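Listed below, chain by chain, are the residues.
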Amino acid sequence: MTSGESLASLTIEASGSIMSVPQVCYWVFNYMPQWEAVSKEIASLLDGLGEAVDGSLVSLNTSDRGLRLTGRLKRIPLPQGLPLYPLLRPHAARADINHVFASAGERWLGPLVARYNGVLTIAKGTASLDRVQRNARTLQRYRMIVVQCDRDRDLMRQLGVPDASLRVIRPGIPLAAYREARGPFTVLFASSPLSEGDFLTRGIYLVVRVAARLPDVRFLLVWRRRHIEKLQGLIAEAGAANIEVQDGVIPDMGAVYDRVHATVLPALEHRSFVPAPRSGLESLAHGKPLLVSPCVSIAGSLARAGAGVVFEPTLEGLESAIAELRERYDTLQQHTHGYLRERFSPAVHLDLYRRLYQTIGG
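Residue positions within a chain follow its written sequence, with the count starting from 1. At least 70 in pLDDT is required for a residue's local features to be given in this predicted model, at least 80 for side-chain atom pairs to be given and counted, and no such filter applies to totals for whole chains, interfaces and linings, which use all residues. Computation of side-chain values: all heavy atoms of the structure, hydrogens and water removed.

Caption draft 1: Spotlight on the sheet that holds strand β10 (residues 186-189). Here the rule is simple: two strands pair whenever DSSP picks up at least two bridges between them. Each helix corresponds to a stretch of at least 4 residues labelled H or I by DSSP, and each strand to a stretch of at least 2 residues labelled E; elements are numbered beginning at the N terminus. In space, the 6 strands of this open sheet follow the order β12-β11-β10-β13-β14-β15, with parallel pairing throughout. Looking at strand neighbours, the two that pair on one side only are β12 (243-247) and β15 (308-310), the edges of this open sheet. Ignoring which end each strand starts from, the neighbouring axes of this sheet average 20° apart. Pairing geometry for strand β14 (residues 290-292) and β15, over 3 bridges, is parallel. Where helices are involved, their axes are fitted lines through C-alpha atoms of the stretch in contact, as for all axes, and angles between N-to-C directions lie from 0 to 180°.

Given below as C-alpha cells:
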C-alpha cells in the first residue's frame, strides 16, 4: 500500500473475521491535554481505541508557535501558518473520517473538512446563537454531529440536522477513590478564562465577592497563567484573604480535588463553560459534589441525581447554595460516583465512538 492510499483498505483479522480499520484524523484548536478539557477527550480516543482506529491529529495553535508537519500529532501555529491552509484540504481528503472538536459556530475548519466524511463533536460553547445560525449550512453537511448535552441536540434539530445524523456521546471520566477533605470547608474553581472579557460571564467576579462575604469558607482558584494580575487585583480590591490561587500547570490535579470539599461552576451564560465541563466532572470522579448555575449543561441531571446544588448566579444565590451544600454534604457526596458512572462512563464513551467510526468509515 502506498502512502497516498486510504487506510480504509488496511485490514486486520479478529475472531476469524476481516474488519476494516478506518483512518481518523482529529482536528482541533490548541491541543493541550495537560490541562484542557477537549484535548483530554481527544487524547482518550487516540489512546483508548487502540487497533480499532488509526488515529492522527492536526492542531491549529494560537498559543504555541511551534510548527510540526510530520508524525501522528501535527501542529500548525496561527496566524503564521495560514499560508499552509491550502495544504490541509488534500490532507483531509486522504483520511477516511475527519473528526472536528469545536463549537457549533466554528467556521474555519468546518467548511474544510465537513465534505470529507466529516464528524463534528460540539465540545465548546459559542459566543452567540447568531453564530450558530450563520453556520447552519455547514452543520447540515457533516456526516454526523455528536453532542454532549440535550440543549445542543435540540439546537441542531431546530437548524434542520436530521436525527439520523445526530449522536449523544458524553466524555468518559474514570472514577477515583474518595478522600475526605481536611481543614476548613474549601470550594474549588478550576476553569479560568482565556480572555479578560470572560471574567464576568464565567463567574470570577461572583466567586471573589462571595468569598469576601464568607470568611469561614476557603476558596481555591486553579489558574492558567493568563490575566493573573487582573485576578489578583480583584481579590485585593474585595479584601478576600480566604482565596488561594495556584497558578500554572498542576501536575497532579487529583491531589487538588482530594483537598477540597466541592467545586463551583458559576456560569452566568450558557456559553460560559463547555458542554461537558471537565473540572466539574473530575470533581465528581473524586467524590466531591458540585455547585452549578442553571446555565451549566449538567445542572438538571445533577440536581435530579442529588450530586450537587443548583443556584442562581447571584451573590445571594451562591452564598445560600454553599450553606445548603455544607448542611447536606454527606447525602450529596454519596451520589457523586453514581451520577458519573451512569452518564460519563469511559467504556461507553469509547464503545460509542468505535461503533460510529465503523459505521461511517467502514
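Resuming the write-up.
Caption draft 2: Just the pairing of strand β6 (residues 97-103), in detail. With a 1.4 Å probe rolled over the protein chains alone, any residue whose accessible area is under 20% of its type maximum counts as buried; one over 50% counts as exposed, and the rest are partly exposed. Across the 7 residues of β6, 7 count as buried, placing the element largely inside the fold. Bridge analysis of strand β3 (residues 23-29) against β6 gives 4 bridges, and the strand direction is parallel. Each bridged residue has a counterpart across the sheet, and for V24 the counterpart in β6 is I97. Pairing geometry for β6 and strand β7 (residues 118-124), over 6 bridges, is parallel. Bridge pairing in β7 links H99 to V119.

Caption draft 3: The side chain of T186, seen in detail. Of note, T186 is situated in strand β10. Judged by relative accessible area, which is 8%, T186 ranks as buried. Residue contacts are defined here by distance: any two heavy atoms, one from each residue, within 4.5 Å place the two residues in contact. In contact with T186, not counting residues within four places along its chain, are R218, L220, R259, V260, H261 and A262.

Caption draft 4: Looking closely at the packing of aromatic side chains. Each pair of aromatic rings taken from Phe, Tyr and Trp, with Trp reduced to its six-membered ring, is defined by centres within 6.5 Å and is described as stacked if the planes are under 30 degrees apart, edge-to-face if over 60, and tilted in the remaining cases. For the coordinates displayed, the defined rule picks out 7 aromatic pairs. Judged by centre distance (4.3 Å) and plane angle (55°), the rings of Y85 and W108 are tilted. Here Y85 is found in helix α2 (residues 85-94), whereas its partner W108 is found in the loop between β6 and α3 (110-113), with 23 residues between them in sequence. On the basis of relative accessible area, Y85 is assigned to the partly exposed category, the value being 24%. A ring is scored as having a charge over it whenever the NZ atom of a lysine or the CZ atom of an arginine sits within 6 Å of its centre and within 35 degrees of its normal. The lysine or arginine in question, K230, covers the ring of F199, its NZ or CZ lying 5.4 Å from the ring centre.

Caption draft 5: Region of interest: the packing of helix α7 (residues 204-213) against helix α12 (residues 315-327). Interaxial distance between α7 and α12 falls to 10 Å at its minimum, and their mutual angle equals 60°. Relative to α12, the element α7 is oriented oblique. You can see that α7 and α12 cross each other, and the crossing is right-handed. In this structure, α7 contributes L206, V207, R209, V210 and R213 to the contact, and α12 contributes L315, E316, L318, E319 and I322. What sets the label is the angle itself: under 35 degrees gives roughly parallel, over 145 gives roughly antiparallel, 65 to 115 gives roughly perpendicular, and the rest give oblique. Left-handed describes a crossing whose near helix is turned anticlockwise from the far helix through less than a right angle; right-handed describes the clockwise counterpart.

Caption draft 6: Spotlight on the sheet that holds β3. Strand order in the open sheet formed by 7 strands is β5-β4-β3-β6-β7-β8-β9, and the pairing between neighbours is parallel. If you trace the sheet from one side to the other, it starts and ends with β5 (73-77) and β9 (166-168), each paired once. Neighbour to neighbour, the strand axes of the sheet diverge by 20° on average, direction disregarded. Contacting β3, β4 (54-61), β5 and β6, α2 runs over the sheet at an angle of about 145° to β3.

Caption draft 7: View of helix α10 (residues 278-285). With 8 of 8 residues buried, α10 is to be regarded as a mostly interior element. Listed in full, the buried residues belonging to α10 are R278, S279, G280, L281, E282, S283, L284 and A285. Packing partners of the buried residues in α10 comprise α1 (37-48), α9 (253-259), β13 (262-265), β14, α11 (299-305) and α14 (336-343). Downstream of α10 by one or two residues, G287 has phi in the positive range, about 80°.

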